[in-house]
Amino acid sequence: MSDTPETGRVLLVDDEPAFQRLGGSFLRDLGHAVTVAGDGEQALASFERQRPELVLLDLAMPPHMDPEIGLEMIPRFPGVPVVVLTGHGEHELALRATELGAWDFLTKPIDPDMLRFVVARALRKARLDGELATLRAATAVDDLGLVGQAPAITQLRGMVRRVAQTSVSVLVLGPTGTGKELVARALHGCSTRSAGPFVAIHCGALSAELLESELFGHMKGSFTGAYRDQPGLVEAAHGGTLFLDEVGEMPAAMQVKLLRFLQEGTFVPVGGRVQKRAEARVVAATHRDLEAMVREGTFREDLFYRLKGVVLRTPALSERPADVPLLATRFLHRVAPRTGFTAGALAWLTSREWPGNVRELKAVVESAGALILPGQHEVDADLLRLSSGDTSDDAAPVAGHLDPSAGPLDAALNELELRLVRDAMAAAGGNQSEAARRLGVSRVGLIKKLTRLGLR
Ligand SMILES: Nc1ncnc2c1ncn2[C@@H]1O[C@H](COP(=O)(O)OP(=O)(O)OP(=O)(O)O)[C@@H](O)[C@H]1O
């Protein structure tokens, strides 16, 4: 049904039974799938569960019947048009609602023709927004594989393209897991060397001796176990790109030999006497502050200048939070196509710091995608918490520790709710708005829960 342009999933939030009945059946007769909610809390729960394409929201609702509190609800339905329902003569309220992001308003008593028209128009807008987001997501990645719309990533893609056409050395700087190797691969992939080899080596993982042998190769008999001549990675990268990951960890003795290779294109295998030659574009990366290491004398200054022909920086994920949903959706679709995130899941994803950056985000999303149950189409915040092993903040995982002998279902659910709310309040340092955000409920909803649970 929701595939036809004029119909879709509508959430009708209104406490008046007569309007719920009449408005609901009028919309259903037009072909819409309608869910009805009688208060804000129910509305947020339905929003999370049903993923409506449009919300019709009465601003005056129980328990407060205060339109000011109704206005606070508008931003809690992200990504879908909200049409507010106001009383006669409440123009100022309607205008404030649109300022807060409402798409349109309807005045009660509602004219059926207007209702039909506004709903169809809002659904069309929702569909166009969806198509735009898909297009944006497609253009945000292009052929380099570097997903992101943040200005720093857009610039990075531009630089990669330009620098790829040259043979200058490139130094990629950025925190761990931010895509430094991905940048190196992209540089190789769109250069004229792309038909040649891409060879990567982690400079911190090996002792100086082993690193030298790996990079430059060794001659038979040069050390115990060297039974035959073995070419190194520099030769393997001939005509292509050599990626030196974590170059800041390179032992001092190796730094001199690497410098010679960079300056003259020559090297001598371990145990060899004859100088050899290879040609490879060198891309180096590190999460360390190389300039500080130069000042401290732990990294050679001449090598530093030689490596930093061009410097590219990969930003931490915390500097580009708007890219988190984009990246997460890409990663999720790879393991579970045609699935998505609930609003609560997106809020959880964007509220985290991600110290391990894109690598960490990818691991959490992929494992959540792998845990999704057959028939389930959305990853929710609990599943993400479970996948991330997050037992510290928010309290979802307490479900796993509930005592199964706690008694009837209601009592167990009450106990769970009590713990979730108490833990969220503690994690938020007593700040109700923050605790409400963590729980994915409105502040008013939280206050009601606190009162009911005797926590207030
Ligand atoms: N902008 C991005 N778009 C898509 N995937 C990304 C992006 N940045 C990082 N990734 C993915 O995140 C993971 C980590 O990236 P990568 O190994 O390139 O990071 P790194 O900075 O080299 O990490 P380290 O410093 O630990 O070596 C990889 O799976 C990579 O594909």
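Here's what I pulled together on the structure shown here. (Residues numbered from 1 in each chain as written. Predicted model: local features only at pLDDT ≥ 70, side-chain atom pairs only at ≥ 80, totals over all residues. Heavy atoms only, no water.)

**Regarding the overall build of the protein**
The cut-off we apply is this: A run of H or I in DSSP becomes a helix once it reaches four residues, and a run of E becomes a strand once it reaches two; helices and strands are each numbered from the N terminus. A radius of gyration in this sense is built from C-alpha atoms; the matching globule rule multiplies 2.2 Å by the number of residues raised to 0.38. Burial status follows relative accessibility: with a 1.4 Å probe on protein chains alone, a residue under 20% of its type maximum counts as buried, one over 50% as exposed, and anything between as partly exposed. Residues are treated as being in contact if the distance between any of their heavy atoms lies within 4.5 Å.
The helix and strand inventory of the protein stands at 19 helices and 14 strands. For 456 residues, the compact-globule estimate of 2.2 N^0.38 gives 23 Å, and the protein exceeds it by more than 25% at 29 Å. Dimensions of the protein along its principal axes, counting C-alpha atoms only, are 95 × 50 × 40 Å. Looking at the protein residue by residue over its 456 residues, the buried ones come to 46%. For the protein, restricting intrachain contacts to residue pairs at least 6 apart in sequence, the fraction spanning at least 24 positions comes to 65%.

**Considering the site of the ligand**
For the record, the criterion: Residues are classed as near a molecule or strand on a simple rule: at least one heavy atom within 4 Å of it. As used in this structure description, the phrase polar contact means that two N or O atoms lie within 3.5 Å; if the pair is within protein, one of them must be able to donate a hydrogen and the other to accept it, and residues adjacent in sequence are counted only when both atoms belong to side chains. Each accessible area is a Shrake-Rupley result for a 1.4 Å probe, and residues are judged covered by the shown protein chains and nothing else. Put plainly, a pocket is an open set of points on a 1 Å grid over the protein atoms alone with protein on both sides within 12 Å along at least five of seven lines, a cavity is a set where a 1.4 Å probe fits but cannot get out, and a lining residue has an atom within 4 Å of a point. Assignment to a cavity or pocket requires that more than half of a molecule's atoms be within 2 Å of the site's grid points.
What surrounds the ligand is a group of 19 residues, the closest being Val 147, Thr 176, Lys 180, Glu 181 and Arg 359. Contact between the ligand and Leu 182: an oxygen atom at 3.0 Å from a main-chain N or O atom of the residue. Here an oxygen atom of the ligand sits 2.9 Å away from a polar atom, N or O, in the side chain of Arg 359. When isolated, the ligand has an accessible area of 630 Å², and the protein chains bury 87% of it. Judged by the fraction of its atoms near the pocket grid, the ligand is located in the second largest pocket. Of all the elements in the fold, those that place two or more residues in the shell around the ligand are helix H7 (180-189), helix H13 (323-335) and helix H15 (357-371).

**Observations regarding the pattern of salt bridges**
Inclusion rule: We define a salt bridge as a side-chain nitrogen of Lys or Arg found within 4 Å of a carboxyl oxygen belonging to Asp or Glu.
As enumerated under the stated definition, the model contains 20 salt bridges in all. A salt bridge links Glu 41 to Lys 449; the shortest N-O distance between them is 2.9 Å. Separated by 408 residues along the polypeptide, Glu 41 in helix H2 (residues 40-50) and Lys 449 in helix H19 (residues 443-452) bring together distant segments of the chain. Residue classification places Lys 449 among the buried positions, given a relative accessible area of 11%. The shortest N-O distance in the salt bridge between Glu 181 and Arg 185 comes to 2.9 Å. With Glu 181 and Arg 185 both in helix H7 and four residues apart, this pair spans about one turn of that helix. Here Glu 181 falls in the partly exposed class, since its relative accessible area comes to 31%.

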